[in-house]
Amino acid sequence: MSRKVAFIGLGVMGYPMAGHLQNAGHQVTVYNRNAAKAQRWQQQYGGSTAATPAAAAADAEFVFTCVGNDDDLRAVTLGNEGILQTLPADAVLVDHTTASAEVARELAAACAQRGAHFVDAPVSGGQQGAENGQLTIMCGGEPDAFDRAREVMDCYARAITLMGPAGSGQLTKMVNQICVAGVLQGLAEGMSFAEHAGLDLHKVIAAISQGAAGSWQMSNRHATMIAGEYEHGFAVDWMRKDLDICLREAQRNGTDLSITRQINQFYREVQAMGGGRWDTSSLYKRLQDSKTLH
Ligand SMILES: NC(=O)c1ccc[n+]([C@@H]2O[C@H](COP(=O)([O-])OP(=O)(O)OC[C@H]3O[C@@H](n4cnc5c(N)ncnc54)[C@H](OP(=O)(O)O)[C@@H]3O)[C@@H](O)[C@H]2O)c1
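What counts as what
- Residues numbered from 1 in each chain as written.
- Predicted model: local features only at pLDDT ≥ 70, side-chain atom pairs only at ≥ 80, totals over all residues.
- Heavy atoms only, no water.
- Helix = DSSP H or I, 4+ residues; strand = E, 2+ residues; numbered from the N terminus.
- Buried < 20%, exposed > 50% of the residue type's maximum accessible area, 1.4 Å probe, protein only.
- Contact = heavy atoms within 4.5 Å.
- Areas by Shrake-Rupley, 256 points an atom, 1.4 Å probe, with all protein chains shown as cover.
- Lys, Arg positive; Asp, Glu negative; His and termini not counted.
- Charge placed at Lys NZ, Arg CZ, Asp CG, Glu CD.
- Polar contact = N/O pair within 3.5 Å; in protein donor to acceptor, adjacent residues only side chain to side chain.
- Salt bridge = Lys/Arg side-chain N within 4 Å of Asp/Glu carboxyl O.
- Core = buried A, V, L, I, M, F, W, Y, C linked by side-chain atoms within 4.5 Å.
- Pairing = 2+ DSSP bridges.
- Right-handed = clockwise from strand over helix to strand, strands pointing away.
- Axes fitted to C-alpha atoms, helices over the stretch in contact; angles between N-to-C directions.
- Parallel < 35°, antiparallel > 145°, perpendicular 65-115°, else oblique.
- Left-handed = near helix turned anticlockwise from the far one by under 90°.
- Nonpolar A, V, L, I, M, F, W, Y, C, P; charged D, E, K, R; others polar.
- Phe/Tyr/Trp six-rings, centres within 6.5 Å; stacked < 30°, edge-to-face > 60°.

A. Geometry of the overall build of the chain. Broken down by element type, the chain carries 13 helices and 9 strands. For the chain, the C-alpha atoms occupy an extent of roughly 65 × 45 × 35 Å along the three principal directions. A buried classification covers 49% of the 294 residues belonging to the chain. The long-range share in the chain, meaning contacts at least 24 apart out of those at least 6 apart in sequence, stands at 66%. As presented, the chain carries roughly 13600 Å² of accessible surface, and 50% of it is formed by carbon and sulfur atoms. Across the chain, the mean location of the 24 positive side-chain charges is 2 Å away from that of the 30 negative side-chain charges.

B. View of helix α2 (residues 35–45). For α2, the N-terminal capping position is held by asparagine 34, with its side-chain oxygen 3.1 Å away from the main-chain nitrogen of alanine 36. Phi for glycine 46, located one or two positions after α2, is positive at around 95°.

C. The side chain of arginine 3, seen in detail. The topology assignment puts arginine 3 in the segment before β1 (4–8). For arginine 3, a relative accessible area of 18% translates into the label buried. A polar atom in the side chain of arginine 3 sits 3.1 Å from the side chain of glutamate 61. Arginine 3 has contacts with His26, Gln27, Glu61, Phe62, Glu151 and Val152, leaving out every residue within four places of it along the chain.

D. A look at the pattern of salt bridges. Applying the stated criterion across every chain, the model contains 12 salt bridges. The salt bridge involving arginine 221 is made with aspartate 279; its shortest N-O contact spans 3.0 Å. Residue arginine 221 is found in helix α10 (residues 216–227), and its partner aspartate 279 is found in the loop between α12 (258–272) and α13 (283–293); the two are separated by 58 residues along the sequence. Comparing arginine 221 with aspartate 279 shows no difference in burial state: the two are buried. Across the pair aspartate 244 and arginine 240 runs a salt bridge whose closest N-O atoms are separated by 3.0 Å. Within this pair, aspartate 244 and its partner arginine 240 are both found in helix α11 (residues 236–253), separated by 4 residues, close to a single helical turn. Residue aspartate 244 is classed as partly exposed on the basis of its relative accessible area, which comes to 26%. Using a relative accessible area of 10% as the deciding quantity, one classes arginine 240 as buried.

E. Fine view of the nonpolar core. Membership of the largest hydrophobic core comes to 32 residues, with the highest contact counts inside it found for Phe7, Phe64, Ile137, Met153 and Tyr156. Tallying contributions element by element places helix α7 (residues 143–153) first for this core, with 5 residues. Excluding residues that lie within four positions of it along the chain, tyrosine 156 makes contacts with Phe7, Met17, His20, Leu21, Phe64, His96, Gly129, Gly133, Gln134, Leu135 and Ile137. Ala101, Leu243, Leu247 and Phe266 belong to the second largest nonpolar core, which has 29 residues in total.

F. Main features of the pairing of β1. Counting buried positions along β1 yields 4 of 5 residues, so the element is predominantly enclosed. Across 5 bridges, β1 lies against strand β2 (residues 27–31) in parallel orientation. Residue lysine 4 lies in a different strand from β2, and its bridge partner there is glutamine 27. Handedness of the β-α-β unit built from β1, helix α1 (residues 14–23) and β2 comes out right-handed. As paired elements, β1 and strand β4 (residues 62–65) share 4 bridges and run parallel to each other. Among the inter-strand pairings, isoleucine 8 is bridged to a residue of β4, identified as threonine 65.

G. The packing of helix α5 (residues 101–113) against helix α8 (residues 168–196), seen in detail. Where α5 contacts α8, the two axes come as close as 8 Å, and the packing angle between them is 165°. The orientation of α5 with respect to α8, classified from their angle, is roughly antiparallel. In the crossing of α5 with α8, the sense of the turn from one axis to the other is right-handed. Counted together, Ala101, Ala104 and Arg105 of α5 and Gln170, Leu171 and Met174 of α8 form the full contact between these two elements. When its residues are assigned to classes, the contact of α5 with α8 shows 4 nonpolar, 1 polar and 1 charged.

H. Structural view of the packing of aromatic side chains. In total, this model carries 5 aromatic pairs according to the counting rule given. Residues tryptophan 41 and tyrosine 45 carry aromatic rings whose centres are separated by 5.2 Å and whose planes lie at 40° to one another, so their mutual orientation is tilted. Within this pair, tryptophan 41 and its partner tyrosine 45 are both found in helix α2, separated by 4 residues, close to a single helical turn. Here tryptophan 41 falls in the buried class, since its relative accessible area comes to 0%. What makes tyrosine 45 partly exposed here is its relative accessible area of 21%. Their ring planes at 35° and their centres at 6.3 Å tell us that tyrosine 230 and tryptophan 278 sit as a pair that is tilted. Separated by 48 residues along the polypeptide, tyrosine 230 in the loop between α10 and α11 and tryptophan 278 in the loop between α12 and α13 bring together distant segments of the chain. Classification of tyrosine 230 by relative accessible area gives buried; the value is 3%. Through a chain of ring-to-ring contacts, the aromatic side chains of Phe7, Phe64 and Tyr156 assemble into a single cluster.

Interpretation note: all reported values are geometric properties and have no functional meaning in isolation.
What follows is the structure, encoded as structure tokens:
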């Protein structure tokens, strides 16, 4: 069924996601802060552009956001020209930003005040997942609003799961990032050890990747790590933002995240090496470079 949809934030992730919505037959209006990107999107996919988030949301049944962090999200929702100025009653606001659980709960309350609904829906799968329409989406919100949103999100998702009330999607994404960080540091240390031991790294990975040590990161990142290539993938700057969110939440709920805290510090060092835009597997480069310093 064709829906009236607004999409706010045409970044690396949002641009192809909004494209999937238009290709699926929905009537999409996009807003991007840098208007040239919105015009490029319209030339590529059709649909309409709006001058402000409020204008884009004015007659939408579903409004999607995918911006950087909590502050950006507050700007496009609660700001003077934000979505909450015009969001129609009964519309569903779906947020794909990786943000805090706190801002999700805040937006759920603001939407409820207008008789509208909110679903926090952070994603994993990266740029490739967004482009191929194969994202994994972790959601928080009321079941009815979720069911309605799921039908629309289906065009760019491989798996969509309702985890619980507002904020639960973001909490689940935090679990994801905590696990990814630990796996990447373990992989970097294992490869560094293999290098010091004089082993053939390709051979080591081939020997162990199908066993208990195997992981998505090992299968998909070892070759670029060995080649020293990091100009791709999920940026260290984004991971730092995500781990800061995890650490703040852990302080609130009393979890001991000592390894995650340490890895966040390692990522700070990668940023200081000029690697803010490098893929998160650059933890290996940090170890290699510190080796040459000693
Ligand atoms: N990239 C990934 O692999 C990946 C994977 C999973 C999750 N995520 C998460 O998805 C979100 C988006 O990531 P991305 O890679 O698409 O980021 P991006 O390429 O940097 O795009 C960010 C988008 O947000 C807009 N924006 C930022 N601040 C804004 C503000 N204050 N007001 C209005 N618009 C604003 C930007 O507009 P302009 O174009 O005007 O700057 C741009 O459209 C982040 O929360 C990220 O952590 C990313």
